[in-house]
Amino acid sequence: PATPRVRFEQSMPGLTTLKELAERIKMDRSAARRYVLRLGVEPKRARTASSGYQEALAFTPDQVRQIVEARTADGYC
């Protein structure tokens with residue numbers, strides 16, 4: 001039988017989920033998601049241990065750094 005297609009990133013070390021990012025920048029998840037999208041950052045979808053292997057929005061270390069720097073420049077964090 002044909003193997004099903006996978007449409008998410010395989011769990012990569014160093015990915016940060018939206019939940020973890022929201023805690024780090026002191027926002028709730030919904031507001032953090034809107035903030036990130038306004039910045040033009042495009043999250044990946046990944047299954048991570050911290051998301052219970054459910055598909056979740058995830059960010060690379062470079063994206064996290066960019067978001068935290070923007071949030072700090074806005075006067076938060």
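Residues numbered from 1 in each chain as written. Predicted model: local features only at pLDDT ≥ 70, side-chain atom pairs only at ≥ 80, totals over all residues. Heavy atoms only, no water.

**Q** Tell me about helix H2 (residues 29–39), and name the residues and values.
**A** Those residues of H2 not exposed but buried are Ala31, Ala32, Tyr35 and Val36. Each buried residue of H2 lies within a common arc of 135 degrees when the element is viewed along its axis, so the set occupies one face. Turned more than 90 degrees away from the buried face of H2 sit Arg29 and Arg38, all of them exposed. Contact partners of the buried residues in H2: helix H1 (18–24), strand S3 (55–59) and helix H3 (61–73). The N-cap of H2, judged by a side-chain oxygen 3.1 Å from the amide nitrogen of Ser30 a few residues on, is Asp28. In the stretch just after H2, Gly40 is the one whose phi turns positive, near 90 degrees. (Buried < 20%, exposed > 50% of the residue type's maximum accessible area, 1.4 Å probe, protein only. Helix = DSSP H or I, 4+ residues; strand = E, 2+ residues; numbered from the N terminus. Arc of directions from axis to C-beta. Contact = heavy atoms within 4.5 Å. Polar contact = N/O pair within 3.5 Å; in protein donor to acceptor, adjacent residues only side chain to side chain.)

**Q** Could you give an account of the nonpolar core, naming the residues involved and the relevant values?
**A** In summary, soluble globular proteins display a tendency toward joint burial of nonpolar side chains. Counting residues in each nonpolar core, the largest one holds 15 residues, and the members touching the most others are Leu21, Ile25, Met27, Ala32, Val36, Phe59 and Ile67. Every element with two or more residues in this core is listed here: H1, H2, S3 and H3. When residues in this core are grouped by element, the largest group, 4 residues, is from H2. When neighbours within four sequence positions are excluded, Ile67 is seen to be in contact with Leu21, Ile25, Tyr35, Val36, Leu39, Val41 and Phe59. (Core = buried A, V, L, I, M, F, W, Y, C linked by side-chain atoms within 4.5 Å.)

**Q** So what's going on with the pattern of salt bridges? Which residues, and what values?
**A** Summed over all chains, the structure comprises 2 salt bridges. One salt bridge connects Arg45 with Glu55, and the closest N-O pair in it is separated by 3.6 Å. With Arg45 in strand S2 (residues 44–47) and Glu55 in strand S3, this residue pair connects regions lying 10 residues apart in the sequence. Between Asp62 and Arg65 there is a salt bridge, with its nearest N and O atoms 3.2 Å apart. With Asp62 and Arg65 both in helix H3, this residue pair falls 3 residues apart, about one helical turn. (Salt bridge = Lys/Arg side-chain N within 4 Å of Asp/Glu carboxyl O.)

**Q** Please give an account of the sheet that holds S3 that cites residues and values.
**A** Taken in spatial order, the 3 strands line up as S1-S3-S2 in an open sheet, and their pairing is antiparallel. The sheet is open, and its two edges are formed by strand S1 (16–17) and S2, each paired on a single side. Relative to S3, S2 is paired through 4 bridges, and the arrangement is antiparallel. Residue pairing across strands places Arg47 opposite Glu55, the latter belonging to S3. Those strands touched by H3 are S1 and S3, and its axis lies near 70 degrees from that of S3. (Pairing = 2+ DSSP bridges. Axes fitted to C-alpha atoms, helices over the stretch in contact; angles between N-to-C directions.)

Read these as geometric descriptors, not functional statements.
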